[in-house]
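What follows is the residue order along each chain.
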Amino acid sequence: MEQKYTGVCFRDILTQEGFFPRVSLPIIPGHEIGGTIIKKGRNVRGFSIGDKVSSLIYIPCGKCEFCLSGNENLCPNKIAYGEGINGGYSKYVNANARSLVKVPEGVPDEIIPIAACVIAMLYHAIARVGKIKKGDHVLITGAGGGVGVHAVQMVKALGGHPIAETSSKWKEEELYKLGAEYIVSPDREYNKDVKDITGQGADIVLEDVGIATFSKSLRSLKTGGRLVVIGNLKPEPVELPLGLIILKGISIKGSISSTKEDLKKALELSKSLILPVIGGKIQLSDINKGYKDMLDRNVFGRLLIQYK
């Protein structure tokens, strides 16, 4: 396929830093892929030259119990783009048909590469794993990042009340514009602020940061609340206060990636309810500067690589 853009994910930085030791080198990195089909294999069915498509971040095997039950995100045999096979940091990408979903009319071009890793991943985490109900209060950590800004919109689109956590004061006004109803700071005991806001605590916490926020996030939950872990910026173990988890009946669940059905739903939502928040468009030659800007928290939204 031919791409206009590739999305830049924090996972790309972790891959570069060696936190995914099974990466097959040499490799073209990047897993946020989407574009227009310009050539297809002889046995490919259901797609035509000229179709706009968005790709999952992996190739499912299509044969295991998870793939056959529609839970291909859990496929133990999946091959990740940018790790097990060449990825998206290129204008032209070889993608497997098992990864692809056609993009409906009305979806912005900037959404196409980030639809799976960001929008569909959030739908999977909030709707399917978190089981959001209308009126639920949802705390989103790292809300000013490329995932968090879209999570605010997703919670709103699914009928919830987004509470955004961010350490960047300059991002607060933009988060309110996106639909955040409250903003809390990691410089405070924001678990107390969340309880003041909601009366009991959050129904769901979407944990996108990891060790820096995990403890406060856990304590932000109401009795019976759900903590859904989708990100881990600094791969280190966290402490689990078992007494708190038991006494409050808290559930902690990991949510990984997205399925084709999630991706289809995400693309439909992106026609009107989820807008792309793009913090910058860079050339591939500027990728290391882009990584630095992300690490320094100087990007509001998702960073895209743009191809001429």
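Whatever comes next refers back to the structure up there.
A brief structural summary. Everything quoted here is computed from the prediction, not taken from an experiment. Sequence positions are assigned chain by chain, starting from 1 and proceeding in written order. Residues qualify for local features only when their pLDDT is at least 70, as the model is predicted, and side-chain atom pairs are given and counted only at 80 or more; totals for whole chains, interfaces and linings, by contrast, use all residues. To get the side-chain values, all heavy atoms of the structure are used, and hydrogens and water are removed first.

So, the sheet that holds strand β12 (residues 251–254)
Okay, step 1: When DSSP locates at least two bridges between a pair of strands, those strands are taken to pair. Counting from the N terminus, the helices are the DSSP runs of H or I reaching at least four residues and the strands are the DSSP runs of E reaching at least two. Read across the sheet, 6 strands follow the order β9-β8-β7-β10-β11-β12 without closing on themselves; strand pairing throughout is parallel. Strands with a single pairing partner mark the edges of an open sheet, and in this sheet they are β9 (182–184) and β12. Shown here is a sheet whose adjacent strand axes are inclined to one another by a mean of 20°, direction ignored.
Okay, step 2: Relative to strand β8 (residues 161–165), strand β7 (residues 137–140) runs parallel, the two sharing 4 bridges. What sits directly across from isoleucine 140, in β8, is alanine 164.
Okay, step 3: Sheet strands in contact with helix α3 (residues 115–129) are β10 (202–207), β11 (221–229) and β12, and its direction is about 150° off that of β10.
Okay, step 4: Should any heavy atoms of two residues lie within 4.5 Å, those residues are counted as being in contact. Comment: axis = line fitted to C-alpha atoms, over the contacting stretch for helices; angle = value between 0 and 180 degrees taken between N-to-C directions. The strands touched by helix α6 (residues 190–198) are β7, β8, β9, β10 and β11; relative to β9, the strand with the most contacts, the crossing angle is about 160°.

Points about the sheet that holds strand β13 (residues 278–282)
Okay, step 1: The 3 strands are arranged β1-β14-β13 in an open sheet whose pairing can be described as mixed. One side of each edge strand has no neighbouring strand; the edge strands of this open sheet are β1 (5–8) and β13. Direction aside, the axes of adjacent strands within the sheet are offset by 30° on average.
Okay, step 2: In this sheet, strand β14 (residues 302–306) lies alongside β13 in parallel orientation, the contact comprising 4 bridges. Paired with lysine 281 across the two strands is leucine 304, which belongs to β14.

A look at the pairing of β7
Okay, step 1: With burial as the criterion, each face of β7 is covered, one bearing His137 and Leu139 and the other bearing Val138 and Ile140.
Okay, step 2: If the strands point away from the viewer and the path from the first strand over the helix to the second runs clockwise, then the crossover is right-handed. Since β7 and β8 lie parallel, the crossover through helix α4 (residues 148–157) that links them has a hand, and here it is right-handed.
Okay, step 3: Alignment of β7 against β10, held across 3 bridges, turns out to be parallel. Note on β10: the bridge partner recorded for isoleucine 140 is leucine 206. Any residue under 20% of the maximum accessible area for its type is buried, any over 50% is exposed, and the rest in between are partly exposed; the area is computed with a 1.4 Å probe on protein chains only.

Section: the pairing of strand β3 (residues 52–55)
Okay, step 1: Alignment of strand β2 (residues 34–36) against β3, held across 3 bridges, turns out to be antiparallel. The residue of β3 that forms the bridge with glycine 35 is valine 53.
Okay, step 2: As paired strands, β3 and strand β6 (residues 100–102) are joined by 3 bridges and run antiparallel to one another. From the neighbouring strand, valine 53 faces β6, where its bridge partner is lysine 102.

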